[in-house]
Protein chains: 2
Amino acid sequence: MNTQTKIAAMDKFFNPSSVVVVGASNTPFNLGATICTMLKDYLQYPGAVYAVNSKGEAVKDYPGFSSISDLPEAPDLAIVIVSARNVPGIIRDCAQKGIKRIVIESAGFSEGGEDGTAMQREIDEIVKTSGIRIMGPNCLGTLSTREKFCCFYGVNPSLVEMGRIFEVPGTISYVIQSGGVAVLVMESLFYDLVGINKVVSIGNKCDVDEADLIDYFQNDETQIIGMYLENIADGRKLMEAARKSRKPVLIYKVGRTSEGALAAMSHTAGMANNDQIFDSACRQAGIIRLKSIDELHSLPKMFTEMPPLKGKRIAAFTNSGAFGSIAADLLVDAGLQMARLSEQTREKLKKAGQVFNIKNPVDIGPAPPQTYLDIFDILLSADEVDGLLPLLSVWQPFVIDCLVELLKMCKHYDKPAAIYTPNAIAKSIAIRAKHRIPIFETTEQAVRALSVSHDYYESLIKRNLICDIAPNEEKGAKRTACAQTEVSS
Amino acid sequence: MNTQTKIAAMDKFFNPSSVVVVGASNTPFNLGATICTMLKDYLQYPGAVYAVNSKGEAVKDYPGFSSISDLPEAPDLAIVIVSARNVPGIIRDCAQKGIKRIVIESAGFSEGGEDGTAMQREIDEIVKTSGIRIMGPNCLGTLSTREKFCCFYGVNPSLVEMGRIFEVPGTISYVIQSGGVAVLVMESLFYDLVGINKVVSIGNKCDVDEADLIDYFQNDETQIIGMYLENIADGRKLMEAARKSRKPVLIYKVGRTSEGALAAMSHTAGMANNDQIFDSACRQAGIIRLKSIDELHSLPKMFTEMPPLKGKRIAAFTNSGAFGSIAADLLVDAGLQMARLSEQTREKLKKAGQVFNIKNPVDIGPAPPQTYLDIFDILLSADEVDGLLPLLSVWQPFVIDCLVELLKMCKHYDKPAAIYTPNAIAKSIAIRAKHRIPIFETTEQAVRALSVSHDYYESLIKRNLICDIAPNEEKGAKRTACAQTEVSS
């Protein structure tokens, strides 16, 4: 299969013209019915939808059939949510009908002991011989904001809220091996800047896996890829896909400790993987390994809203002295450096007025807006500074306006700022959402954002995907693509 | 001076019958005037207030004088906010007038180079011979919610909001060597459970220091003491005060790295302290060393709302499988253990129904409220479980009601739960504030809360402040005080 065909085949998981929900019925609490409700009421899905259940009854006015063979066509996608023991038969029926893509949402396979594993093997056999592509089992399947398609089950109470993520399609795509984490991440992005492009819950991933999706996301609107993984079946395939990726790949993986690995195994049939080997493989492949679940939704904005951090020299700037000291500790811990400001830069800062400390961290008192803007400009234009860490309490509303200006200046100078406002987290989140400023929630998070931005920039150079431009040599020079590795089969 | 006299002397810093604000005037942007505004408009301070300024003019209708000697009485407290170079003269005037307590809010002393250091020495000399007690310089002074007193300057834009912390006086007292951190912590507690008793900003602490305040907080409504320190001048005194403290002492200290120490020095005249020595001294003295500024406001609720964690065996309980695996990793990292559930406990869990995984972490599907309550009871009553880590997404409103019940059950069984709701942080914060449930904002924070609770319990035993009761031996036995170390001079 060539690249184009592969992409087209995968596309229909996110944008099918017709679907069948196998297991949707009118029985109370039926999970398949919640998928029909989502498609009909919340997404106004324009394609054909069929329901298959033992009575052959219609669900949400979608026509019902008692078997797959009775369907008037072979839909682009089958969504299967029936008891695990019935799944192998359903897959065979799908194959016979000529259905090419299946999402198996049912649980109870390799994560559920011996019987489940046997059924899993039966499915694997059918897949091998039929060329059908399968997502799952034990998953939620796909969500695409641009196509307004979603086959997640059971999210009823949050459906109205969920609708919000479809309103403004974004550029981050997630692969998440857990429904709970997917819901947390999507909900959290309501209060953040980056919008969602696609979300895939891959469950036990008997066929389609994270590497397939990295390849697939190279050719759509995705700007950045976030992953939550409980186990990795084919490490080599993942690393190869990541190494070629021209988009940042951020991965949180559980099971660092044996206790964690054990817990993951009962959840999505993970195998205990060696954590240290995984860690060094990630570094080689340019994967950014996340330290907490929250980084899945907090860090992407550093990539989408800011230029990359090309060097390690950071200038901290605060209107609340203590945070400068805290930041210095954290920057050193993160392997970054406190920029040594030149005599010239210090002179300029002295003239800006109201500055308590003209050394780095730059510390100001109760200054007017122009002082903030002057200092942003002095620091961003300084050759000895690669990036900014503004730690600015919003003690007056004008600070928000200054931060909006800062965004423009970062683009102009092609240097990033990781902004933290030392205010109550609830207040910072509200400001971020309202004014579209990429504010991080803690000093730790802001420093971490600088650190991953730089790691990613260095990995692009190492992987020959861009040429290095030493920050001081060509002022204002932009990074340029010097090699484009095509993702091919 | 005996203990009672010392306490009474310190008390008047928080509850003076009369104050003079030296440096308050009607000049635009005058900082002393903001203190008068706070006392008059926001706190309706009932005591006498005098202003001292060069013109001798009244401020906010408080009578004005051109010198301290003209005051009609020696007020309980002098608040000094004038240029640093005028401070030594003012202190002499205060001594002559018989004023016994001074808060020096002016900056520009030992944190500001050689001239400042010389002035600092001049003040030190006066203090030694006069018996005056001084807070500062370079500080905000005191705030007491019960006494509705506050001498912080310049917090005008937040004053209305600030008023909220006086509405419900609480039981945490802070010593914070930075105005910015104080504001962050107070603002953050608006959205959290624990109310504030007192806040002290000690600045360069030429006299009153953190150890004096630990002693002082032993005898008021304080339940827990939080500190932000940039430097420690008398480590022995601090450790001695902490060792005797019958209330938890939580400290965040900056300057772990040389870069951080350097930055702190320009902020509040800190000396670079050896971080490793500090760390091991903390452990010996029973001080809980915090890992981030946010822990100053996030962790106290574990002490005020929950019984202590007496053993290391934790049962995790989740309705969103992934978080069980994440928690297992974090618990192991924190030196705690995943409890091994007994056959009997597992049987009970099996009967509770809807349980995907009856091993620890206990993982449930879409279950009704009673299942949640049953599982809480089974786990908390199990001899092999010392504490609970509920990781429960609020996917239905009833989960909130179950958490309210859990609080009661924790008190009944005298075992703590560190609750995390895997929802967007903004949503979790809102639930916490509205329903008064001690919800932590991340899994990391919840695990950390269990860890510090246990550390503190162990330190009480080591310091002979309570007798150890092995969790399994006497079921339902409460910890008892077996030794009360009196805090004496």
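Quick summary incoming for the structure in this document. (Residues numbered from 1 in each chain as written. Chains lettered and ligands numbered in written order. Predicted model: local features only at pLDDT ≥ 70, side-chain atom pairs only at ≥ 80, totals over all residues. Heavy atoms only, no water.)

### Observations concerning the interface of chain A and chain B
To keep it simple, the criterion reads: By definition in these notes, contact holds between two residues if any of their heavy atoms fall within 4.5 Å. Buried area: the accessible surface (1.4 Å probe) lost by two parts on joining, summed over both. What makes a salt bridge here is a side-chain nitrogen of Lys or Arg within 4 Å of a carboxyl oxygen of Asp or Glu, nothing more. Each helix is a run of DSSP H or I of at least 4 residues and each strand a run of E of at least 2, with the numbering of both proceeding from the N terminus. Polar here means any residue outside two lists: the nonpolar Ala, Val, Leu, Ile, Met, Phe, Trp, Tyr, Cys and Pro, and the charged Asp, Glu, Lys and Arg; Gly therefore counts as polar.
Contacts between the two partners involve 57 residues from chain A, matched on the other side by 56 residues from chain B. Between chain A and chain B, roughly 4,100 Å² of surface is buried when both sides are summed, and carbon and sulfur atoms account for 56% of that area. At the surface where chain A touches chain B, the tally comes to two salt bridges. With a closest N to O distance of 3.3 Å, E187(A) and K427(B) form a salt bridge. Of all the secondary structure elements, the ones that give two or more residues to the side of chain A that touches chain B are α6 (179-189), α9 (258-268), α13 (322-333) and α17 (425-435) of chain A. With ten residues, α13(A) is the largest single contributor of residues to the side of chain A that touches chain B. Considering only residue class, the side of chain A that touches chain B consists of 26 nonpolar, 17 polar and 14 charged.

### Details of the side chain of E105(A)
This is how the line gets drawn: The cut-offs for exposure are 20% and 50% of the maximum accessible area for each residue type, with area from a 1.4 Å probe on protein chains only; residues under the lower value are buried, those over the upper are exposed, and the others partly exposed. Positive charges are assigned to Lys and Arg, negative charges to Asp and Glu, while His and the chain termini are left out of the count.
Looking at the element boundaries, E105(A) is found in the loop between β5 (101-104) and α4 (114-130). An unpaired buried charge is present at E105(A): no salt bridge exists, and R101(A), the closest side chain of opposite charge, is 15 Å distant.

### Some details on the sheet that holds strand β8 (residues 149-150) of chain A
Residues and elements named next belong to chain A. Using the following cut-off: Pairing between strands requires that DSSP locate at least two bridges from one strand to the other.
In spatial order, the strands read β8-β7-β10-β9-β11-β12-β13; together these seven strands make up an open sheet with mixed pairing. Among the strands making up the open sheet, the edge pair consists of β8 and β13 (288-289). Pairing geometry for strand β9 (residues 172-176) and strand β11 (residues 224-229), over five bridges, is parallel. Bridged to I176 within β11 is Y228.

### Here we look at helix α8 (residues 235-244) of chain B
Within α8(B), the full set of buried residues consists of L238(B), M239(B), A241(B), A242(B) and K244(B). On its buried face, α8(B) sits against α7 (210-217), β11 (224-229), β12 (249-253) and α10 (275-285) of chain B.

### Digging into the packing of helix α8 (residues 235-244) of chain A against helix α10 (residues 275-285) of chain A
Residue and element names in this part refer to chain A. Counted only if it meets this: A fitted line through C-alpha atoms serves as each axis, taken over the contacting stretch for helices, and the angle formed by two N-to-C directions is quoted from 0 to 180°. Put simply, angles under 35 degrees are roughly parallel, angles over 145 are roughly antiparallel, angles from 65 to 115 are roughly perpendicular, and the rest are oblique.
The contact between α8 and α10 brings their axes to 8 Å, and the two run at 25°. Accordingly, the angle class assigned to the pair α8 and α10 is roughly parallel. Taking contact as the criterion, the partners of L238, M239, A242 and R243 in α8 are, on α10, F278, A281, C282 and A285.

### Observations regarding the packing of α17(A) against helix α17 (residues 425-435) of chain B
Note the following rule: For a crossing to be left-handed, the near helix must be turned anticlockwise from the far one by less than a right angle; the clockwise case is right-handed.
The contact between α17(A) and α17(B) brings their axes to 10 Å, and the two run at 135°. Regarding the angle of α17(A) to α17(B), the classification is oblique. For the pair α17(A) and α17(B), the crossing hand works out as left-handed. Within the contact between the two elements, α17(A) uses I425(A), A426(A) and I429(A) and α17(B) uses I425(B), A426(B) and I429(B). Taken together, the residues of the contact of α17(A) with α17(B) break down into six nonpolar, no polar and no charged.

### Digging into the nonpolar core
What counts is decided by this rule: What makes a nonpolar core is a set of buried Ala, Val, Leu, Ile, Met, Phe, Trp, Tyr and Cys residues whose side-chain atoms join them at distances within 4.5 Å.
Ranked by size, the top nonpolar core spans 288 residues in total, and within it L389(A) and L389(B) carry the most contacts. Residues contacting L389(B), with those up to four places away along its chain left out, are I314(B), A315(B), A316(B), F317(B), A327(B), L331(B), A418(B), A446(B), V447(B) and L450(B). Residues L71(A), A78(A), V82(A) and V87(A) belong to the second largest nonpolar core, which totals 25 residues.

### Quick word on the relation of the copies chain A and chain B
Condition: Alignment of the copies relies on least squares applied to C-alpha atoms, considering only residues that score at least 70 for pLDDT in both.
Mapping chain A onto chain B calls for a screw motion: a turn of 180° about the axis and a shift of 0.0 Å along it, with 0.0 Å RMSD after fitting. Within this description, the copies of the chain are treated as partners about a two-fold rotation axis. Relative to the rotation axis, the C-alpha of A426(A) is the closest in chain A, positioned 3.1 Å from it.

### Examining the environment of G136(B)
Residues and elements named next belong to chain B. Structurally, G136 is set in the loop between β6 (133-135) and β7 (141-144). Separated by 167 residues in sequence, G136 and F303 have C-alpha atoms that sit 30 Å apart. The contacts of G136, once residues within four sequence positions are left out, are I104, I202, N204, K205 and C206.

### Overview of the sheet that holds β11(B)
All names here are of chain B. Strands sit in the order β8-β7-β10-β9-β11-β12-β13 across an open sheet of seven strands; the sheet is mixed. The outermost strands of the open sheet, each flanked by one partner alone, are β8 (149-150) and β13 (288-289). Where strand β9 (residues 172-176) meets strand β10 (residues 196-201), four bridges bridge the pair, whose relative direction is parallel. Bridge pairing in β10 places I172 opposite I196. With respect to the sheet, helix α1 (residues 3-14) is in contact with β7, β8 and β10, its orientation differing from that of β7 by roughly 85°.

### Focus: the pairing of β9(A)
All names here are of chain A. Inclusion rule: Looking down the strands as they point away from you, a crossover is right-handed if its path from the first strand over the helix to the second goes clockwise.
Across the five residues of β9, five count as buried, placing the element largely inside the fold. Side-chain alternation along β9 places I172, Y174 and I176 on one buried face and S173 and V175 on a second face that is also buried. For the crossover that starts at β9, traverses α6 and ends in the parallel strand β10 (residues 196-201), the hand is right-handed.

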